[in-house]
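Notes for the structure review
Below are the chains, spelled out letter by letter.
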Protein chains: 4
Amino acid sequence: MPDATDRRHFLKTSASIAGLGMLPNGVMQSIQAPVPDRSVNMSHDGLAFAPKDYAALLQRITADGKTVEDYYSQNGAVAQLEAACARLLGKEAAVFMPTGTLANHLAVRALAGNDRRVIVQHESHFYNDTGDCAQTLSQLTLMPLARGKATFTLADVEEVVGRTASGRVATRVGAISIETPVRRKAGEQFDMAELRKITGYARKEGIRLHLDGARMLLASAYTGVSPAEYAAMFDTVYISLWKGLNAASGAILAGPKVLLENMFHTRRMFGGALPQAWPYAAVALHFLDGFVERFRAGVQVSEEFIRELDARGGVKAVRVADGTNIFRIPVTGIDTARLAATLATRGIDVAAPPSDATMMNLLANESWARRSATEIATDFLRAMGKV
Amino acid sequence: MPDATDRRHFLKTSASIAGLGMLPNGVMQSIQAPVPDRSVNMSHDGLAFAPKDYAALLQRITADGKTVEDYYSQNGAVAQLEAACARLLGKEAAVFMPTGTLANHLAVRALAGNDRRVIVQHESHFYNDTGDCAQTLSQLTLMPLARGKATFTLADVEEVVGRTASGRVATRVGAISIETPVRRKAGEQFDMAELRKITGYARKEGIRLHLDGARMLLASAYTGVSPAEYAAMFDTVYISLWKGLNAASGAILAGPKVLLENMFHTRRMFGGALPQAWPYAAVALHFLDGFVERFRAGVQVSEEFIRELDARGGVKAVRVADGTNIFRIPVTGIDTARLAATLATRGIDVAAPPSDATMMNLLANESWARRSATEIATDFLRAMGKV
Amino acid sequence: MPDATDRRHFLKTSASIAGLGMLPNGVMQSIQAPVPDRSVNMSHDGLAFAPKDYAALLQRITADGKTVEDYYSQNGAVAQLEAACARLLGKEAAVFMPTGTLANHLAVRALAGNDRRVIVQHESHFYNDTGDCAQTLSQLTLMPLARGKATFTLADVEEVVGRTASGRVATRVGAISIETPVRRKAGEQFDMAELRKITGYARKEGIRLHLDGARMLLASAYTGVSPAEYAAMFDTVYISLWKGLNAASGAILAGPKVLLENMFHTRRMFGGALPQAWPYAAVALHFLDGFVERFRAGVQVSEEFIRELDARGGVKAVRVADGTNIFRIPVTGIDTARLAATLATRGIDVAAPPSDATMMNLLANESWARRSATEIATDFLRAMGKV
Amino acid sequence: MPDATDRRHFLKTSASIAGLGMLPNGVMQSIQAPVPDRSVNMSHDGLAFAPKDYAALLQRITADGKTVEDYYSQNGAVAQLEAACARLLGKEAAVFMPTGTLANHLAVRALAGNDRRVIVQHESHFYNDTGDCAQTLSQLTLMPLARGKATFTLADVEEVVGRTASGRVATRVGAISIETPVRRKAGEQFDMAELRKITGYARKEGIRLHLDGARMLLASAYTGVSPAEYAAMFDTVYISLWKGLNAASGAILAGPKVLLENMFHTRRMFGGALPQAWPYAAVALHFLDGFVERFRAGVQVSEEFIRELDARGGVKAVRVADGTNIFRIPVTGIDTARLAATLATRGIDVAAPPSDATMMNLLANESWARRSATEIATDFLRAMGKV
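This section reports on the structure supplied with the text. These numbers were taken from a predicted model, which means no experiment stands behind them. (Residues numbered from 1 in each chain as written. Chains lettered and ligands numbered in written order. Predicted model: local features only at pLDDT ≥ 70, side-chain atom pairs only at ≥ 80, totals over all residues. Heavy atoms only, no water.)

Counting its regular elements, chain A contains 15 helices and 12 strands. Relative to a compact globule of 387 residues, whose C-alpha radius of gyration would be 21 Å, chain A shows 22 Å and is just as compact. Considered along the principal axes of its C-alpha atoms, chain A spans approximately 70 × 50 × 35 Å. Each of the 387 residues in chain A was classed as buried or not, and the buried ones make up 63%. In chain A, 75% of the contacts between residues at least 6 apart in sequence involve partners at least 24 apart. One finds the centroid of the 43 positive side-chain charges in chain A at a distance of 1 Å from the centroid of its 39 negative side-chain charges. (Helix = DSSP H or I, 4+ residues; strand = E, 2+ residues; numbered from the N terminus. Rg over C-alpha atoms; globule rule 2.2 N^0.38 Å. Buried < 20%, exposed > 50% of the residue type's maximum accessible area, 1.4 Å probe, protein only. Contact = heavy atoms within 4.5 Å. Lys, Arg positive; Asp, Glu negative; His and termini not counted. Charge placed at Lys NZ, Arg CZ, Asp CG, Glu CD.)

Quick look at helix α1 (residues 51–62) of chain D now. With 12 residues, α1(D) ought to run about 16 Å at 1.5 Å a step, and its terminal C-alpha atoms sit 16 Å apart, in line with that. Three or more residues of α1(D) are buried, namely D:Pro51, D:Tyr54, D:Ala55, D:Leu57, D:Leu58, D:Arg60, D:Ile61 and D:Thr62. Against the buried residues of α1(D) lie α1 (51–62) and α12 (278–288) of chain C together with α12 (278–288) of chain D. (Expected span 1.5 Å × (residues − 1).)

With that settled, consider the interface of chain A and chain C. Each side of the interface is counted separately: chain A has 9 residues, and chain C has 9 residues. Interface of chain A and chain C: buried area, both sides summed, is about 870 Å²; carbon and sulfur atoms make up 51% of it. Counting across the interface, chain A meets chain C through 0 salt bridges. For the pair chain A and chain C, the interface holds 4 residue pairs in polar contact (both at pLDDT 80 or more). Along the lines of polarity and charge, the residues of the side of chain A that touches chain C split into 5 nonpolar, 2 polar and 2 charged. (Buried area = accessible area lost by both parts, 1.4 Å probe. Salt bridge = Lys/Arg side-chain N within 4 Å of Asp/Glu carboxyl O. Polar contact = N/O pair within 3.5 Å; in protein donor to acceptor, adjacent residues only side chain to side chain. Nonpolar A, V, L, I, M, F, W, Y, C, P; charged D, E, K, R; others polar.)

Moving on: the sheet that holds strand β7 (residues 236–240) of chain D. Residues and elements named next belong to chain D. Across the sheet, which stays open at both edges, the 7 strands sit in the order β2-β8-β7-β6-β5-β3-β4 with mixed pairing between neighbours. Two strands in the sheet have a free side with no partner beyond their single neighbour: β2 (93–97) and β4 (141–145). Looking at each pair of strands side by side, their axes are set apart by 20 degrees on average, direction ignored. Where strand β5 (residues 173–179) meets strand β6 (residues 208–212), 5 bridges bridge the pair, whose relative direction is parallel. Counterpart to Ile176 in the pairing with β6 is Leu209. Packing against the sheet, helix α2 (residues 76–89) makes contact with β2, β7 and β8 (251–255), and its axis sits at approximately 130 degrees to β2. (Pairing = 2+ DSSP bridges. Axes fitted to C-alpha atoms, helices over the stretch in contact; angles between N-to-C directions.)

This part is about the interface of chain D and chain C. Frequently, the measure chosen for interface size is the accessible area removed from exposure when the parts meet. Facing 51 residues of chain D, the contacting portion of chain C comprises 53 residues. Contact with chain C buries area across many residues of chain D, yet D:Pro51, D:Tyr71 and D:Met269 alone supply 15% of it, more than any other trio. There are 0 salt bridges connecting chain D and chain C. Where chain D packs against chain C, one counts 8 residue pairs in polar contact (both at pLDDT 80 or more). Going through the elements one at a time, α1, α3 (100–112), α5 (133–138), α11 (263–269) and α12 of chain D are the ones with two or more residues in the side of chain D that touches chain C. Residue composition of the side of chain D that touches chain C, grouped by class: 26 nonpolar, 17 polar and 8 charged.

Taken as rigid bodies, chain A and chain C are interconverted by a rotation of 180 degrees and an axial shift of 0.1 Å, the fit giving an RMSD of 0.1 Å. Such a combination of rotation and displacement between the chain copies is what one expects of a two-fold axis. The residues that chain A uses at the interface reappear at the interface of chain C in 100% of cases, marking a shared surface. (Least-squares fit on C-alpha atoms with pLDDT ≥ 70 in both.)

Expressed as a screw operation, the relation of chain D to chain C combines 0.1 Å of axial shift with a rotation of 180 degrees, fitting to an RMSD of 0.1 Å. Residue by residue, 100% of the interface of chain D is reproduced at the interface of chain C, so both copies engage with the same surface.

Quick look at the packing of helix α14 (residues 336–345) of chain C against helix α15 (residues 373–384) of chain C now. Residues and elements named next belong to chain C. It is the contact of α14 with α15, at a shortest axis distance of 9 Å, that shows an interaxial angle of 145 degrees. The crossing of α14 and α15 is right-handed. Taken together, the residues of α15 that come into contact with α14 (itself represented by Leu339, Thr342 and Leu343) are Asp379, Phe380, Ala383 and Met384. Looking at the contact of α14 with α15 residue by residue, the class counts come to 5 nonpolar, 1 polar and 1 charged. (Left-handed = near helix turned anticlockwise from the far one by under 90°.)

Moving on, we get to unusual backbone geometry. For residues that are not glycine, phi is negative in most cases, and the peptide bond is trans in most cases. Following C:Thr180, the chain continues into C:Pro181 via a peptide bond in cis, with omega recorded as -10 degrees. Within the element layout of this structure, C:Pro181 appears in the loop between β5 (173–179) and α7 (192–205). Residues other than glycine seldom take positive phi values, yet B:Tyr72 does so here, at roughly 55 degrees. Within the fold, B:Tyr72 resides in the loop between α1 (51–62) and α2 (76–89). Its identity as a non-glycine residue notwithstanding, C:Ala48 has a phi of 50 degrees, on the positive side. With respect to the helices and strands, C:Ala48 occurs in the loop between β1 (40–41) and α1.

Further remarks concern the sheet that holds strand β5 (residues 173–179) of chain A. All names here are of chain A. Read from one edge of the open sheet, 7 strands run β2-β8-β7-β6-β5-β3-β4, paired in mixed fashion. Looking at strand neighbours, the two that pair on one side only are β2 (93–97) and β4 (141–145), the edges of this open sheet. Ignoring which end each strand starts from, the neighbouring axes of this sheet average 20 degrees apart. Both strand β3 (residues 117–121) and β5 contribute to a ladder of 3 bridges, which runs parallel. Counted as the bridge partner of Val118 is Ala175 from β5.

To continue, consider the environment of C:Thr345. Residues and elements named next belong to chain C. Mapping Thr345 onto the fold places it in helix α14. Given the relative accessible area of 55%, Thr345 is considered exposed. For the pair Thr345 and Asp379, spaced 34 residues apart in sequence, the C-alpha to C-alpha distance is 9.9 Å. Here the side chain of Thr345 touches Thr342 through a polar contact of 2.4 Å, landing on its backbone oxygen.

In terms of burial, α12(C) is largely enclosed, as 10 of its 11 residues are buried. Looking at the buried positions of α12(C), the neighbouring elements they touch are α1, α2 (76–89), β2 (93–97) and α13 (291–313) of chain C together with α1 and α12 of chain D. Directly beyond the C-terminal end of α12(C), a positive phi value near 80 degrees is found at C:Gly290.

Residues and elements named next belong to chain A. Structurally, the position occupied by Arg370 is in the loop between β12 (359–363) and α15 (373–384). Within the local environment of Arg370, its side chain forms a polar contact with the side chain of Asp37, the two groups lying 3.4 Å apart. Among the polar contacts made by the side chain of Arg370, one reaches the main-chain carbonyl oxygen of Ser39 at a distance of 2.9 Å.

The next thing to look at is the packing of helix α2 (residues 76–89) of chain A against helix α12 (residues 278–288) of chain A. Residues and elements named next belong to chain A. Relative to each other, α2 and α12 sit at 35 degrees, their axes nearing to 8 Å. Regarding α2 and α12, the two cross each other, and that crossing is left-handed. Here α2 contributes Ala77, Val78, Gln80, Leu81, Ala84, Cys85 and Leu88 to the contact with α12, which in turn contributes Trp278, Ala281, Ala284, Leu285 and Leu288. Classifying every residue of the contact of α2 with α12 gives 11 nonpolar, 1 polar and no charged.

Positionally, B:Thr171 belongs in the loop between α6 (154–166) and β5 (173–179). Non-local contacts of B:Thr171, meaning those with residues more than four positions away in its chain, are made with B:Arg117, B:Thr164, C:Gly131 and C:Asp132.

A few words now on the environment of C:Leu195. As for its position among the elements, C:Leu195 is in helix α7. Apart from the residues lying within four places of it in its own chain, the contact partners of C:Leu195 are C:Ile178, C:Phe190, C:Met233 and C:Phe234.

To continue, consider the pairing of β3(A). All names here are of chain A. Where burial is concerned, most of β3 is hidden: 5 out of the 5 residues are buried. Going residue by residue along β3, you find Arg117, Ile119 and Gln121 tucked away on one face and Val118 and Val120 tucked away on the opposite face as well. Two elements, β3 and β4, share 5 bridges in a ladder whose sense is parallel. Its bridge partner lying in β4, Ile119 is registered against Met143.

Structure (C-alpha cells):
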C-alpha cells in the first residue's frame, strides 16, 4: 500500500515547449503552464501532481474569475462538471460525489431499491475494499461471483437468480454491479461478449445495472469503445475524477434523471456534501475535454516504448491478457531502487518494487506523450544498463 | 437558503498595506497577499473567499514546496492539521472529516456503542438538518429535548434516562450530543451552568458526551472560555474548518485516541476518505494559529460599530440573549437591495433581506479588524442615509 | 411488572350450568366445559387461563378433528382466523403475527416505505416498550408527540410535518401510528374528534395510518363504535389475540391486500413464522365470534358493581377520563394481601397492590358476566369489611 | 415444499399396548395415551402430530396442574425447558426462541459483535432460507463457502480471513456458523475432521463459533457423538424443538451465560417474545428426556428395514454419504400415489413424489420403533407388489 512519502514530485525541464498533451485543446492558450513539463509518470494512472503544482494549476484555472463556487456540492463549477460528464457518458444526469466509494454505494443503494441482493465480482474493489459499506449501511446483500477472475458469466448470474428464487423467504436480485477494468486484476477488463449477454439478460429480467468505471475513460483509449457506448449498457456509471482526471478527489455518478436528481440529499445524509467542492471540480473539468484522445496519444508512445525495449535491449514486457494500462518488465538481478533513482534524474517516475522482485509494474498515461518513445526507451535502457 | 449566486466576491482596495490581521503571525512574511484586503464581510462566519482568491491563497501557501499531500486523508498536511487541532482542543487525537455532518455522526456512533439512545437538542442541526443520518445509517434513536430552546436541563435528561429504564425491553442512553452555539437559534449558546450539571451527571452515569462545536472557536472569542476548556467537558468535539477557518470544506473531530485512532476506516466505509484533502487542510492550518485572537479583534470592532451606529445614527442593534456573532439592525422603510449595493461599493458585504423585512442580520468575524469601527460605521450610516 | 407467580388460577364451582357467557353462540353445544366456571377475573383484560384449563379447552376445540394445522403460520386454522378477523375489521386482508410488537413494527415498516419518519404518541407502547425495534431494525425515525397525554393534536402533527420540510436534507413523514386505548395511560382513549381531524389530514397529505388497537375490541364494548368503524379510519390495524381473545399468544394485522399478501415473507425473515401457530389461532377463533357482545355483558355487570360498591359500602371507584376497562378503588388502611386472599376463596381474582398503596386497579372483562353484580359486590364488600 | 394438506394423520391401532417408545421413561405412568400408537411416520423428522392428537397430549401433560405458564417466554415451563436443554448440551445457559430462524440470527448477531463478517456454508439454511435476515436486520456480511458441498475446509476459512485482512478498509471475521446435518444436502453431515480443525483455528484466532444444530439430536443417534460433545466445539448451539422434539414450534439457543442472560430483551425487540410459549415448551420438555435413545431405537429398526427390503424384495435403498435419517428407494414404474394410499391403510405415512419420480425419500425417526422391522418391511414390500 503506497503512502504519501513514496509519491515523487515531477522533474520540470526548462525547455520552453508550450502546453503539450497535458492541456486540453481549446484551453491551451488561456491557461498555459509557465514552464512546460517533460516528465513521464510510470507509477500512476494520472499525472499525480504535487500540492505546489496542483495549487499553481488551480490558480491559473481560476485566475480569470469565471470559476463559480458551488454550495454544498451544488451549482457553480460542480454543476458545470456534472453537465459535461453527463454529455460524455450519454446520460440524462450526473451527480458529483466526494469519493468513488460513495458513488458506487449510492448507485447500488438506489438501483437495488427493495430488491436487496446485488451481484458483484468477487475480485471487485466494491466487494473487497469498502469496508462492507453496502451491507453495513444499506443492508444490501452482495452476492460475489467468479472468485479469482475479472469476469463472471451469464450462467453464474442465472445460478444466483435461481437460488434466490428457491429460498424459503422471498428475496430478489435488484442490481448487478460490474467493475471494468478491474483494479485487483491489474487492469484486466470484463469480457465484452459476456458483458453484452449479462446486460441483455438483466434488462429482460428487470435487474438494474451499475458500472464501476473508475478507470473506464482510460480503457476507452485502449478499446476504442467510447465512454458513452460502455455507459449505454448500464443504468448508472461511476467514473473517478482522481484516477485519471487529476483532481485531488472526487467522482461522478451518471444515470437517469429520475434516479439522480434528488441524490444530493442522500449524499448529504451520508456526510458527503462538501460545502465547496470546486477545488476538485475545476481541475477535473480542465482535464475532461479531450481526455481519451490525450490518453491515447500517451498509450501510443507506451506501446512503441514496449517494442523498442525489446528490439533495442531485449527487455520483454509482459502484458495482462485483456488488460489496459499496466504492464510489467523483468528486473531480476537489477538494483530497483537505484534504477528508480537514475530514472528520476531523467524525469521518469517509477514505483520501485522490493529488491528481490522479479518484475516491475509500469503504467501508461497521458504524460508519456510529452516525449518520444525513442527518447524514453533510451533513458530507460541506459538506466538498466542495457545500452 | 443562500446559494452560490448570492455570495458576493470581495472588493479589493489598492492600498499597499502588507498582511493585516488575516494572516497569522509567523507566516506573514512568507505568504503575503500581493494586495492587502480591506473588505468587511458581514454575511458569513468567515472570510468567504471567491475561488480566484482561494486558489491564489492556496498557491501562496504551497509555493515553498513544503506542503505534503495526504493519501486518502491520512498523513501529510492532513496529519499536521489533526495534530494542531488536538493540541488546541486539549485532546489526545483528532481526525479530519470531509463534513461536519460526518464528524457529528461518527462521533455519536462511536460514543453510543451498544447503548443506542442519544440525547440531542430538539433545535440542533444534527437532529433537524442531517436527513436522520444517525437513525438511518447507524440505527441510533435520537431523543430530542427542549423544543424551541437552545438549552435543555439536567431534569430533562433525567426524565429520559428514567423513562428509558422503565421500558419493557432494555435500552440505554449511550450519549448526549450538545450543539453550542446553536445554529437554528441564531448563535445562542447552551447555558453554561446547566452544561456543567449535565456533563457532571453524565460522567457519573457513564453516558458519553459529544460537543457539536461547529462554531465553538468563535464562541471563545466572545466568552473567554478557551476551546480546550469547553472541550474538556466532553469526550469528543467537532469543529468546522469551513465556518470560521476558511477552508472550502472539512471538519475536525477530536477526542480520546482509543476512539479515534482507527476511525479512518469508518470514514472510508462511509465514503468520506477524500483521496487528497490537503487543499482544505492546508488552508485551515494557515488560519488556525491565532484564530481566536484575530476573531476577538474583529469582535471588538463590531462591538464598537454597534455603539457608533446608535450614538451617531440612532440605529439600535438587537442582540441575541446569550448570543455570539449574529446581531440584527432595523431596516423598516429602507430599500435593502440598494443598501447592499451601496455598501458593496465600499467593500462591505451584507446579505440583503427581502424588501419587506424589518430587520437585517449582520455577522461579526475577523474581517472587521481590517478597518476601524468608525470608518465602517460611517460607510454604513451614509449608505442608510443616517448621516 | 407482574410475573408468572402472581397469576392466580380460577376457582371452579361444581354447579352444572352449561356454557355461560364464555362460549360463543353456535359452539356451545359442541365444546362444552365439563364444569362451568363462575370465577371473576379482575386483574386481566381477558380470562387468563392456567395451562391446565387452556389445554383442556384446546382439547375440546380440536376433538372433532376439524382443526387443520398451519404450516409456518400459513393455511389451516391460521388462515381461518385471518379471514374472520379481516371480516370483523372490514379489511381486505389480515395476517397472523406471533406478537403485537411484530404486528406494529411490520405495519409501520411497510406503511412508511421510503418516507422514514413515523409519528407516534410519546406515551405509546410502541415508543416506550419495544426496545426501539423500529429504529434499530428498520431504520425508522419515530417522532414522539404529546408527552404525558393520550392524545396529540392535528397542530402537533402539522408542526412535525413543517419542521421535517424545513430540514437541510429532505426527509418525509411516511406514517402515523396511534394507540388507543393507551396502555400507559390506564386505558385512556385517543380523543375521537382529534382522531378524525388527524386521519383526514393524513389522507389528504398521503401519510399512511396505523392503529395499534391491541385492546380496541374491548373499547368497542364501551364506545359502541364498532371495530370496523375504528379500522376504517386507518390503513392497517393490529389487534391482540392475547389481551382479550384469550389465546396464549398472537396478534392480527389487518389492512389492504397489496400490503399484506406477501408479508408472511417479512414475518419469516424476522423469525416470526411459527412452524405451527394453530394452538393460538384455534383458541382466538373460538372466542372471536360474539366477543364484543360478551365483553359488553361483562362491562354492564362491572358498571352495576361500581354503583353497588358506593351505594352499599360507600366505596367510591375512580374512573379514568375517556377510559375503558380499568378503574380504581380506595384501599387506604386495608391489608391488600389479605383482601386478595379472601377474594380468591370466593373465586374473585385481584392483583394486590403493595401494602402501602392507597388505590387498587380493577379490570372489567367478560368473566364478570358469570355472576350478578350484586353477588360480586357482596363478596367484595364483605372481604373489605364494609358489610 | 410440503403444505398443510399433505401432512397425514396417524392411524391409531386398537391394540392395548401401553406407552411404547414414544413416551420417555419416568413419565410413562402419569401420561399414558388412552390408545397406543402403532403408526410409522416416514415423511418427517418427528412424529408430526395432528392438532387433535397434539391437543390431547398437551391436555394429558398439563392435567396434573403442575405446568406453570411463562410470562413473555420467561419463567414457568419455558425456564424448566431451558434448564434441561442447557444440561443436555453442557452449556451454562439456554434461551427459548420462537423459531430456529431467530435462534440462528440472534446467535450470530451476538457472537459477531463489532466484527461484522460471518462465515457460513453456501448451502446452509441460514444463508439461503431466511430472507437475508442477518444482512437486512443486523447489517452482518455473510461470507458463503463451499458451493454445492456440506463441508468447507480450514483452507477456505483462512482464505476469507486473509482476504478480509487485505481490504482497504478494516473489517474482521467475527463468527463462523456451521449447520450439521445440512438440510439442503439431504441430511449430510459436516466432516468431523475438518470441523475439529476449523474450530481449533477459530478459538486460536478469537473467532466465535455457532452450531446450527436444528437436527443435531438425531445426528447423535447415528454418530454416537453426544449432543454435549458436539456443543463443546461451539460457543452457541441451536436445536429445534419442532424438527424432532415434536413441539408445534420453538427452538433453543444454548451457550455462555454472559451472552444469553439478557437476550430475552433482544428476543422481545425482534417481536419474538411470545406472551405464553408453554404450549410448545411443555411438549418439548415431555420428549426431551431420553430422546437420543428413543431415536436410536427407531434408527435400528429403519436400518434393519433397509436390509430386509433388499434381501426379501430386491429393493436397494440409496444412502447419503455421511448422511443421517434420509434415504431413498427406487420407485420407477410404481404408482407412487397409490403406494402412499396403500401404506396409509397400514399406518405408514410416506410423502409420495410426483408420478414420474424415480426415487422416493424416506425418513427415519422414533416412530419406527413402534413396530418391528419385519412387520414394516412386509407391509412395504406388499404395497410395492414385491412380495
